[in-house]
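So the chains spell out like this:
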Amino acid sequence: FTQEVTHNRVMAAFVDATFAVTDQLDMFGGLRLDDYSNTTTSTVFRAAGNTATGPFDTTDSNISGRIGFSYMPNRDVNLFASYSRGYKTPAVGTTAAGTLFELAPETVDAFELGVKYGVGRMQLTGNLFYTMIDNFQSQRSEFAGTALVSVPFNVPNLTSKGVEFNAFGEILPGFSINAG
């Protein structure tokens, strides 16, 4: 079996604000600063003898954020658009043989365009989204002798895109719906 000991330090600071450009148009955005350090050691215990790997050190810092606009032509309609950049720090993985390695950081670029519409006691929403992920941190199963173990790896590129519709609110007194 494998024993892995990890010591992490994660610090983050963020700011988010909305500015009224006009009475009907708002601009919103934010920034996030991440600072990360990790030390990992791994020991594989076998009948033929133990094997230790490490310490394996990783450090990383990043600034990510978002920006967008919200337009309200009247009190029942809100049109919005946004772009955001997400980030996941590097990770330390262990191969099936017990060797430590570093996964690349994961980055996400996300675009969204949508509308919220109030009808009486109901709210209807719809949006289009397009998300590109680089170095997605995933895992796969591999055999180590007769044992099946999970090994992390980076998927180079993923794209998620689509449309969402939601409706929620009170149709009649005491009767609400929430559908998507």
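Everything here concerns the structure above.
Residues numbered from 1 in each chain as written. Predicted model: local features only at pLDDT ≥ 70, side-chain atom pairs only at ≥ 80, totals over all residues. Heavy atoms only, no water.

Visitor: What exactly am I supposed to notice about the pairing of strand 3 (residues 51-74) here?
Guide: Two faces make up the sheet, and in a regular strand the side chains alternate between them. Of the pairings in the sheet, the one linking strand 2 (residues 25-44) to strand 3 comprises 19 bridges and is antiparallel in character. The residue of strand 3 that forms the bridge with Ser 37 is Thr 59. A loop of six residues connects strand 2 with strand 3, the two strands running antiparallel in sequence, and Gly 49 in this loop sits at a positive phi of about 135°. Direction of pairing for strand 3 relative to strand 4 (residues 77-88): antiparallel, over a ladder of eight bridges. Counterpart to Arg 66 in the pairing with strand 4 is Ser 84. Where strand 3 folds back onto strand 4 in an antiparallel hairpin, the turn is made up of two residues. (Pairing = 2+ DSSP bridges. Helix = DSSP H or I, 4+ residues; strand = E, 2+ residues; numbered from the N terminus.)

Visitor: I would appreciate a short explanation of a nonpolar patch on the surface in the present structure.
Guide: A surface patch of nonpolar side chains, amounting to about 460 Å² of accessible area, comprises Tyr 71, Leu 79, Val 115, Tyr 117, Val 119 and Leu 124. Top element by residues in the nonpolar patch is strand 7 (residues 106-119). It accounts for three residues. Within the secondary structure, Leu 79 is located in strand 4. (Patch = residues over 30% accessible without salt bridge, like charges linked within 9 Å, V, L, I, M, F, W, Y side chains within 5 Å. Areas by Shrake-Rupley, 256 points an atom, 1.4 Å probe, with all protein chains shown as cover. Salt bridge = Lys/Arg side-chain N within 4 Å of Asp/Glu carboxyl O.)

Visitor: Got a minute to help me understand the sheet that holds strand 3 in this structure?
Guide: Either a parallel or an antiparallel arrangement is found when strands of a sheet pair, and the pairing is made through backbone hydrogen bonds. As summarised here, the arrangement of the eight strands in space is 1-2-3-4-7-8-9-10, forming an open sheet in which the pairing is antiparallel. Single-partner strands in this sheet number two, and they are strand 1 (2-20) and strand 10 (175-179). Averaged over all pairs of adjacent strands, the angle between their axes in this sheet comes to 20°, without regard to strand direction. As paired elements, strand 4 and strand 7 share 12 bridges and run antiparallel to each other. Directly across from Tyr 87, in strand 7, lies its bridge partner Thr 107. (Axes fitted to C-alpha atoms, helices over the stretch in contact; angles between N-to-C directions.)

Visitor: Where do I start with the environment of Val 44 in this structure?
Guide: Note that Val 44 resides in strand 2. Sequence separation between Val 44 and Thr 2 is 42 residues; the distance between their C-alpha atoms is 4.4 Å. Discounting chain neighbours no more than four positions away, the residues touching Val 44 are Phe 1, Thr 2, Gly 49, Asn 50, Thr 51, Ala 97 and Gly 98. (Contact = heavy atoms within 4.5 Å.)

Visitor: It is not clear to me how the pattern of salt bridges should be interpreted in this structure. Could you clarify?
Guide: Following the criterion strictly, the structure yields six salt bridges and no others. Across the pair Asp 34 and Arg 32 runs a salt bridge, and its minimum N-O distance is 2.9 Å. Overall, the relative accessible area of 36% leaves Arg 32 in the partly exposed class. Ionic pairing is found between Asp 109 and Arg 85, a salt bridge with its closest N-O pair at 3.0 Å. Of the two residues, Asp 109 sits in strand 7 while Arg 85 sits in strand 4, which places them 24 residues apart along the sequence. (Buried < 20%, exposed > 50% of the residue type's maximum accessible area, 1.4 Å probe, protein only.)

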